[in-house]
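Take a look at the letters that make up each chain.
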Protein chains: 2
Amino acid sequence: MVSSSLAAKAEEVSNFLLSNGMEVVVIPDHRAPIVTHMVWYKAGSADEPPGKSGIAHFFEHLMFKGTKNHPAGEFSREVASIGGNENAFTTADYTAFFQTVSPDALPTMMRFESDRMRNLTLTDAVIGPERDVILEERRMRVENDPEALLSEEVAATLYQNQPYRIPVIGWMQEIEKLNREDAVAFYDRFYAPNNAILIVAGDVTEERVRALAEGTYGKIARGPDLPPRNRPQEPEQNAARTVTLSDARVGVPSYGRSWVVPSYQTAKNGEAEALDLLSEVLGGGAQSRIYRELIVNQGIAVGAGAYYEGTSVDPTTFSVYGAPRGESKLDAVESAVDKEIARIQNEGVTPDELDRVKKRYLRAMIFARDSAEGLAQIYGSTLATGGTVKDVAEWTGRIEKVTPQQVQDVAKRYLVPERAVTSYLLPKGGSGAVAESGGPVQAPAMVPPRPGQSADKVEQP
Amino acid sequence: MVSSSLAAKAEEVSNFLLSNGMEVVVIPDHRAPIVTHMVWYKAGSADEPPGKSGIAHFFEHLMFKGTKNHPAGEFSREVASIGGNENAFTTADYTAFFQTVSPDALPTMMRFESDRMRNLTLTDAVIGPERDVILEERRMRVENDPEALLSEEVAATLYQNQPYRIPVIGWMQEIEKLNREDAVAFYDRFYAPNNAILIVAGDVTEERVRALAEGTYGKIARGPDLPPRNRPQEPEQNAARTVTLSDARVGVPSYGRSWVVPSYQTAKNGEAEALDLLSEVLGGGAQSRIYRELIVNQGIAVGAGAYYEGTSVDPTTFSVYGAPRGESKLDAVESAVDKEIARIQNEGVTPDELDRVKKRYLRAMIFARDSAEGLAQIYGSTLATGGTVKDVAEWTGRIEKVTPQQVQDVAKRYLVPERAVTSYLLPKGGSGAVAESGGPVQAPAMVPPRPGQSADKVEQP
């Protein structure tokens, strides 16, 4: 059975605190001589002070600069020289750094990683040029990309009060003003062992990780006690909204519709699990209702689907999206998706369909967990958003318990037209939902508008 | 000439600081034995900490509670017993308290008003019941009023980063949590002589006001030095947005369209003055282009117009609005307004038309200034948003200097469709801009949607 094998794996996971408050998770997996070493900070763009958007991501960049003990670049060169991988990413809720290396390199990784937790050299000479790098990154990834621009406008419209409204990379005019003072304040507030989670997954034992962690991270002084992450919450939303971006660079039009829904951290009574399954039933891949109806049966869409970003501290986004094929119209795609939503709201899903979806969904999760990196990612994102090791262990069982009624209920409760934000990405000259789809028959690399910011990652290039 | 009479009046105004940093403006006007006494605090909803929306307005209420020296209600009873008027209001940028009384009551007013600047008794017993009053106020004024609900959603959509996005009265779920600690923190931060402006207008002399002010407000210790009001600013806006509210309580549909534009504080090169005149030309009353075309010539609207809210610390709102008459359609009204905007953008305004509009506009301002209260209001709102006494004195001359080219320029630069938020207030069952106007011919008390929050006032009932 699917669940027992995952549960068994979860049981081997150990979880303890260092004396300075740093949480440690060890996920032994001896199939391959490899280890993933990750440090997650509970600090993302939604934790930034007002007017300082982008500082969390900016700080992720600064972590690759020099420390008191190592010049800039030495850590990365070390990882490269032993054939390892490294990366880092920032989301609304956390910032994480990781290396995947052979097990004998783990002590070195922990020495470097713990060093930069407190010993960075933050001078104007370091910060000025890096700010220019980030401004250029924003120009490349956002200003030059109509879809990314629209995605920002959608998030700013969808979230009326939560900080998920603000892009992870930051607003241009605020990035421009970030300075040494902001960087030092962010570092001193959030980069401390008692605000960090160490995840080590792969060919290691709890004993070894514990000894190494105590000798590196364990020597760092505890930082300030941070208050709970009680961020501004959404008011009741009362109005349907649209956001339209027309741009000459757009070939095929597309649309998206998003709602604010509970996350795993805020949901009650299994609603997050039900939303996960709803997104699967509705639009999660080639077996989903939207895919079969719009792409296979009617052939009116080049791409369409649904997604839910459940792993976040605060309420999050549920979205559907679609783009017309050939001569089909965008509003026909939108109507067809609406019809599939309404069918679930009115008629629900059958127990058989839900069982098939659960199996498919859990199987996909097994693949995600079948690597040290994948497992480390699941534990890290869960713990960094307020969940526990137990939540990860019990998640499969909770998915299995979701009933057809629960799936129908969340569809009815949350996918309400009066509270939706609908976005249109149109070729220049288009005019809203009734625009011509335009252009010759082609199947572009369809990427749906990504209205939610909560799971948006800004990774190191 | 219009301007010289205003300038003459302005010259008599005196302006000085008390030793504790409190600014004083005295506007003598001996035509009637009456005096308006106002204290303005440079603290509004846009100055609130994140998650504490409503505390500025809540605090306005608390100012009517008891102090160390006077039980709750004593000040108001005193004003009433001498036949005076009193009121208070909160906007995004300031909170103000005023009494209009006979000149001999001025010392008493100053004694009471200066007393509550620092001596309020802020206990849970005071705060709990007042929070219930405010929650009820919000239910009455907002939750029960589709137009007010839509206005909130529009502001939250229009402003993507500025705090003007948050309603002055506060979000329900945040008001519910405001407590004694929040109130004390707001009081200690903002209610201090060096963050306040005293305006006395009417049958007084500078000498008398100075003596009285030194004996009352002047004895209060200076408060903490506040940093400049550098609030988060808008990013570049790239997408056209709509906000639609359908409600069974709506009889006649209406629409509004808003843009973020410079305020008097942020504008350069006379753009604020040009925006003021643009709103007059376009939709300021019965002589305006929109009124003459939609209401008089075509007869398709029961109401339509334009407004600009220029007196604010940060960029502000320019809006147009309209509602169809009888069998006319809402989208016909919208198109007709668009056409008037496009005409100004493409063809500009004639020197003759602009001269007539300036005269009309300045004449209306003379009426506004023709009372102690009106003058105090103009000086108070200007100074509390960062302007000076000189700005008030020179304003008439600056309006007179605006050229037709400047009016056309601001119309072209700011009233851009791709950055607008359009709102629709529809009867339940309506479907966006193409909804039937519905219902028998009637002329409702048309109130335009008020998309901007910046000048929204929440007054004492």
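Residues numbered from 1 in each chain as written. Chains lettered and ligands numbered in written order. Predicted model: local features only at pLDDT ≥ 70, side-chain atom pairs only at ≥ 80, totals over all residues. Heavy atoms only, no water.

Chemist: Just give me the short version of the UniProt feature "domain: Peptidase M16 N-terminal" (unreviewed entry) in chain A, but keep the residues and values in it.
Modeler: Using the residue numbers shown here, the UniProt feature "domain: Peptidase M16 N-terminal" (unreviewed entry) corresponds to residues 24-169 of chain A. The annotated region residues 24-169 of chain A carries 42% helix and 17% strand content, and the separation between its end C-alpha atoms amounts to 28 Å. (UniProt positions renumbered as here; feature names shortened; annotations may be inferred. Helix = DSSP H or I, 4+ residues; strand = E, 2+ residues; numbered from the N terminus.)

Chemist: Break down helix H5 (residues 124-143) of chain B for me, with residues and values.
Modeler: Between its first and last C-alpha, H5 of chain B extends 26 Å over 20 residues, near the 28 Å set by a 1.5 Å rise per residue. Within the span of H5 of chain B, buried status applies to Val126, Ile127, Gly128, Glu130, Arg131, Ile134, Leu135, Glu137, Arg138 and Val142 of chain B. (Expected span 1.5 Å × (residues − 1). Buried < 20%, exposed > 50% of the residue type's maximum accessible area, 1.4 Å probe, protein only.)

Chemist: Describe the relation of the copies chain B and chain A, listing the residues and the values that go with them.
Modeler: Superposition record for chain B on chain A: RMSD 0.0 Å, screw rotation 180°, translation along axis 0.0 Å. Both copies are brought into coincidence by an operation consistent with a two-fold rotation axis. Both copies share a contact surface, since 100% of the interface residues of chain B are interface residues in chain A too. (Least-squares fit on C-alpha atoms with pLDDT ≥ 70 in both. Contact = heavy atoms within 4.5 Å.)

Chemist: So what about the pairing of strand E7 (residues 240-247) of chain A? Which residues, and what values?
Modeler: The side chains of a regular strand alternate, first on one face of the sheet and then on the other. Summarising burial for E7 of chain A: six of the eight residues are buried, a large majority. For E7 of chain A and strand E7 (residues 240-247) of chain B, the ladder comprises five bridges, and the chain directions are antiparallel. When the sheet's bridge partners are listed, Thr244 of chain A is paired in E7 of chain B with Ala240 of chain B. Across seven bridges, E7 of chain A lies against strand E11 (residues 421-427) of chain A in parallel orientation. Of the residues in E11 of chain A, the one forming a bridge with Val243 of chain A is Ser423 of chain A. (Pairing = 2+ DSSP bridges.)

Chemist: I'd love a proper account of the UniProt feature "domain: Peptidase M16 C-terminal" (unreviewed entry) in chain A, names of residues and values included.
Modeler: According to UniProt, the "domain: Peptidase M16 C-terminal" (unreviewed entry) feature falls on residues 177-360 of chain A. Across residues 177-360 of chain A, the secondary structure splits into 39% helix and 22% strand, with the terminal C-alpha atoms separated by 47 Å.

Chemist: Explain the pattern of salt bridges to me, and be specific about the residues and the numbers.
Modeler: Residues and elements named next belong to chain A. On inspection of all chains with the given rule, the structure shows 50 salt bridges over all chains. For the salt bridge of Arg231 with Asp93, the shortest nitrogen-to-oxygen distance reads 2.7 Å. Separated by 138 residues along the polypeptide, Arg231 in the loop between helix H9 (206-215) and E7 and Asp93 in the loop between strand E4 (85-90) and strand E5 (95-101) bring together distant segments of the chain. For the pair Arg231 and Asp93, a shared accessibility class is recorded, and that class is buried. For Glu271, the salt bridge identified is with Arg413, shortest N-O distance 2.2 Å. Placement of the pair is Glu271 in helix H10 (residues 271-283) and Arg413 in helix H16 (residues 404-414), with a sequence separation of 142 residues. Using a relative accessible area of 44% as the deciding quantity, one classes Arg413 as partly exposed. Through salt bridges that share partners, Asp47, Asp93, Arg229, Arg231 and Asp314 make up one connected network. (Salt bridge = Lys/Arg side-chain N within 4 Å of Asp/Glu carboxyl O.)

Chemist: Requested: an account of the interface of chain B and chain A, with residues and values cited.
Modeler: With 28 residues of chain B in contact, the opposing surface of chain A contributes 28 residues. The contact between chain B and chain A buries some 2,400 Å² in all, and 47% of this surface belongs to carbon and sulfur atoms. Broken down residue by residue, the surface that chain B buries against chain A is led by Glu153, Gln160 and Asn238 of chain B, which jointly contribute 23%. Viewed at the interface, chain A and chain B are joined by zero salt bridges. Along the contact surface separating chain B from chain A lie 17 residue pairs in polar contact (both at pLDDT 80 or more). If you list the elements that add at least two residues to the side of chain B that touches chain A, you get helix H6 (146-158), helix H7 (172-175) and E7 of chain B. Considering every element that reaches the side of chain B that touches chain A, the biggest residue donor is E7 of chain B, with six residues. Of the residues belonging to the side of chain B that touches chain A, the class tally is 12 nonpolar, 10 polar and six charged. (Buried area = accessible area lost by both parts, 1.4 Å probe. Polar contact = N/O pair within 3.5 Å; in protein donor to acceptor, adjacent residues only side chain to side chain. Nonpolar A, V, L, I, M, F, W, Y, C, P; charged D, E, K, R; others polar.)

Chemist: Lay out the nonpolar core in plain terms, naming residues and giving numbers.
Modeler: Residues Phe59, Tyr191, Leu198 and Tyr217 of chain B are the most contacted members of the largest nonpolar core, which totals 50 residues. Setting aside anything within four residues of it in sequence, one finds Tyr217 of chain B in contact with Leu18, Asn20, Met22, His37, Val39, Met110, Glu113, Ser114, Met117 and Leu198 of chain B. Within the second largest apolar cluster, 49 residues are counted, among which are Ala43, Val79, Phe112 and Val200 of chain A. (Core = buried A, V, L, I, M, F, W, Y, C linked by side-chain atoms within 4.5 Å.)

Chemist: Help me get a handle on the sheet that holds E7 of chain A, residues and values and all.
Modeler: Pairing between the strands of a sheet comes from backbone hydrogen bonds, and it takes one of two forms, parallel or antiparallel. Spatially, the 10 strands line up as an open sheet ordered E9(A)-E10(A)-E8(A)-E11(A)-E7(A)-E7(B)-E11(B)-E8(B)-E10(B)-E9(B), and their pairing is mixed. One side of each edge strand has no neighbouring strand; the edge strands of this open sheet are strand E9 (301-308) of chain A together with strand E9 (301-308) of chain B. On average, each strand axis in the sheet is inclined to that of its neighbour by 15°, with strand direction left out of account. The pairing of E9 of chain B with strand E10 (residues 316-324) of chain B spans seven bridges and is antiparallel. Residue pairing for E10 of chain B: Tyr308 of chain B is matched across the bridge by Phe318 of chain B. Strand contacts of helix H6 (residues 146-158) of chain A: E7, strand E8 (254-261), strand E10 (316-324) and E11 of chain A together with E7 of chain B, with the helix running at about 160° to E7 of chain A, the strand carrying the most contacts. (Axes fitted to C-alpha atoms, helices over the stretch in contact; angles between N-to-C directions.)

Chemist: Hey, could you go over the packing of helix H4 (residues 106-118) of chain A against H9 of chain A for me, with residue numbers and the actual values?
Modeler: Residues and elements named next belong to chain A. Two elements in contact, H4 and H9, have axes separated by 10 Å at closest approach and are oriented at 35°. When you trace H4 past H9, the crossing you get is right-handed. On H9, the residues touching Leu106, Pro107 and Met110 of H4 are Arg208, Val209, Leu212 and Ala213. A breakdown of the residues in the contact of H4 with H9 according to their chemical character gives six nonpolar, no polar and one charged. (Left-handed = near helix turned anticlockwise from the far one by under 90°.)

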